[in-house]
Structure formats: structure tokens, C-alpha cells
Amino acid sequence: MSKFKNTLLRNLDAEIIERLSLRPIKFELRHEIEFPGRPIEHLFFVEEGMASMTVTFDDGSQVEVGMFGYASVIGVSALMGAKRSLNHIYTQIEGCGFSCTVEAARKEFRRGAAFQELMLRYVQAQLVQAAQSAACNAKHNMEQRLARWLLLCTDRAHTETLKLSQEFLADMLGSTRPTVSIAAGSLKEEGLIDYNRGVIRILDAKRLEERACECYHVIRDYLDNYTEFDTTFTS
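Residues numbered from 1 in each chain as written. Predicted model: local features only at pLDDT ≥ 70, side-chain atom pairs only at ≥ 80, totals over all residues. Heavy atoms only, no water.

Visitor: I would appreciate a short explanation of the sheet that holds strand β9 (residues 199-202) in the present structure.
Guide: Sheets are built from strands that pair by backbone hydrogen bonding, the pairs being arranged parallel or antiparallel. Read across the open sheet, the 3 strands follow the order β7-β9-β8; overall the sheet is antiparallel. Edge positions in the sheet fall to β7 (161-163) and β8 (193-196), since each has one partner strand and no second. Across the sheet, the axes of successive neighbouring strands diverge by a mean angle of 15°, strand direction being ignored. As defined by bridge partners, β7 adjoins β9 across 3 bridges and the pair is classed as antiparallel. Within the sheet, the bridge partner assigned to Thr161 lies in β9 and is Arg201. (Pairing = 2+ DSSP bridges. Helix = DSSP H or I, 4+ residues; strand = E, 2+ residues; numbered from the N terminus. Axes fitted to C-alpha atoms, helices over the stretch in contact; angles between N-to-C directions.)

Visitor: I keep staring at the layout of surface pockets and nothing clicks. Help me out?
Guide: The gaps of empty space that remain are located by a probe, the size of a water molecule, rolled over the atoms. Computed from the structure, the largest pocket encloses a volume of approximately 430 Å³. What lines the largest pocket is a set of 22 residues, and nearest its centre among them are Met53, Val76, Ser77, Asn87 and Gln126. Elements supplying a minimum of two residues to the lining of the largest pocket: β4 (62-68), β5 (73-74) and α4 (114-139). Per-element tally for the lining of the largest pocket: the top contributor is α4, with 6 residues. (1 Å grid on protein atoms, 1.4 Å probe; cavity = no way out; pocket = protein on both sides within 12 Å on 5 of 7 lines; lining within 4 Å. Points joined across faces, edges and corners; volume = space filled by probe spheres on them.)

Visitor: I keep staring at the environment of Gly81 and nothing clicks. Help me out?
Guide: Within the secondary structure, Gly81 is located in the loop between β5 and β6 (88-101). With a relative accessible area of 53%, Gly81 lands in the exposed category. Taking C-alpha positions, Gly81 is 9.5 Å from Arg106, a pair spaced 25 residues apart along the chain. (Buried < 20%, exposed > 50% of the residue type's maximum accessible area, 1.4 Å probe, protein only.)

Visitor: Please clarify how unusual backbone geometry should be interpreted in this entry.
Guide: Working note: non-glycine residues mostly have negative phi, and peptide bonds are mostly trans. One non-glycine residue, His158, adopts positive backbone phi at about 55°. As for its position among the elements, His158 is in the loop between α5 (142-157) and β7. Its identity as a non-glycine residue notwithstanding, Arg197 has a phi of 55°, on the positive side. Note on placement: Arg197 falls in the loop between β8 and β9.

Visitor: Before we go on, may I ask you to explain empty space enclosed by the protein in this structure?
Guide: Within this structure, the stated rule accounts for 1 cavity of 30 Å³ or more. Taken as a whole, the largest cavity holds about 40 Å³ of empty space. Every residue along the wall of the largest cavity is listed here: Phe27, Ile33, Val46, Glu48, Gly49, Met50, Ala51, Thr91, Ile93, Glu94 and Gly95. Top contributing element to the lining of the largest cavity by residue count: strand β3 (residues 42-56), with 5 residues. Classifying every residue of the lining of the largest cavity by side-chain character gives 6 nonpolar, 3 polar and 2 charged. (Nonpolar A, V, L, I, M, F, W, Y, C, P; charged D, E, K, R; others polar.)

Visitor: Can you walk me through the nonpolar core in this structure?
Guide: Proteins that are soluble and globular tend to have nonpolar side chains buried together. One finds Leu22, Phe45, Phe115, Met119, Trp149, Leu150 and Leu208 to be the most contacted residues of the largest nonpolar core, which totals 72 residues. Ignoring anything within four residues of it in the chain, the contact list for Trp149 reads Glu64, Met67, Gln92, Leu164, Leu169, Met172 and Leu173. (Core = buried A, V, L, I, M, F, W, Y, C linked by side-chain atoms within 4.5 Å. Contact = heavy atoms within 4.5 Å.)

Now the structure itself:
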């Protein structure tokens, strides 16, 4: 059995792990992992906790465009040729993981073996998540979107208690605080969540799942199974 909790690391053999020269790292709350314009120097494999990737606008507002948990690697764009980050990535839920240098990861990626295949599968999973989230934000109501986001967040972080302000939730969902407050109040009245002083607890995950839109299942299932997908073509 692998000692790792991270999906990608669990699927790499010992020789690859050794060549990556992984180092343990702790992610403090609001720990800044990437910032627009700064060089990408490390890849981060999340074991516990959760981080968000956001786009920040000129007025200072931000919207989440990616979520990272135990199935994720942060900094993979460096393997696709990027030298500097385009987005802000920071920890929402404290945790831990492992890091390796971009140089070590690029060297392993150029071998074209298991590491490259897994990284490309993960990139595809991220594209699916981003596309489905964009469609969800355009199509579904706030209560459905909030339920979807909370479920994905608890899945990725393996916790049912989240320390999140309504203002922060509004930023993540690209909405306003009053709109999110109404949606959260509705879910609380239905007994699906408890919300008090910036702490959200999932009380009934099954019913919350029923309240969420189909986007939750699409994103969850892809992230949970991307290492097993058949990438070959058949006639």
C-alpha cells in the first residue's frame, strides 16, 4: 500500500518518487502558493486541505476558477511550458502535502512514461472541472451552485466543517454577499447545513447532494476516476 494520500503520488512507482526528490510541506490558512506574474518554481501535491485558484479583476474582486485537493497537483502548467503563474492560488483549508522542483518534474515529464501520462490526465480533469463550473455558473441558480461548491470542497478536503465567510463564498461563486446569504439561509432552514460565525458544517450530505445540480456529479466522478480512464483509441 502506498504511503501517500495524493492520487497522483499513489499511482507513481518508487523510482519516479525518488527522482522527484519530494519534500514535505505544510499549507497554512491563506498560504499563497502562486501569484500572477511570479515564476513557477515548484509543483505541490496536496495530501490534506484545499486550495483555490482565482482570477482577480481590476476592482480587487476575485472568482474561483479551480479547486485543489488530494487528487491534485499545483503548478502543472509549468510542464506545459508556462514559466510564470497567470493566477492566484492560495490555501482555503489548512493542510499538508509534498513539493518538488519544477526542474525535477520537467525532467521526469520528458521521459514520456507514467509521470507524463498522469500529468496529462490530470490536466484534462482540470479542464473538465473548469468547463463544467463555467457552464454551471451560467445555467444554475445560486442554491444549486452553493450546494455543488460546498460538496466539492468537503470532498477534496475530507472535512465537513469549513471556515468560510459569506463574503469569501460570494467571491468564490462570482456573486454578491446578499445573494449567497439568502442561498445559505435556505439550505440552513432545510437542515442541510449549519452556518454560524463564518463556520459551515454539512449536516446532511445526501440531501445536499440532491439539492445540488448535476455538475457536482460530473466534476466529482471525473476527479475521482481520471487515473483509470482509457486513453487509447480503438477501431
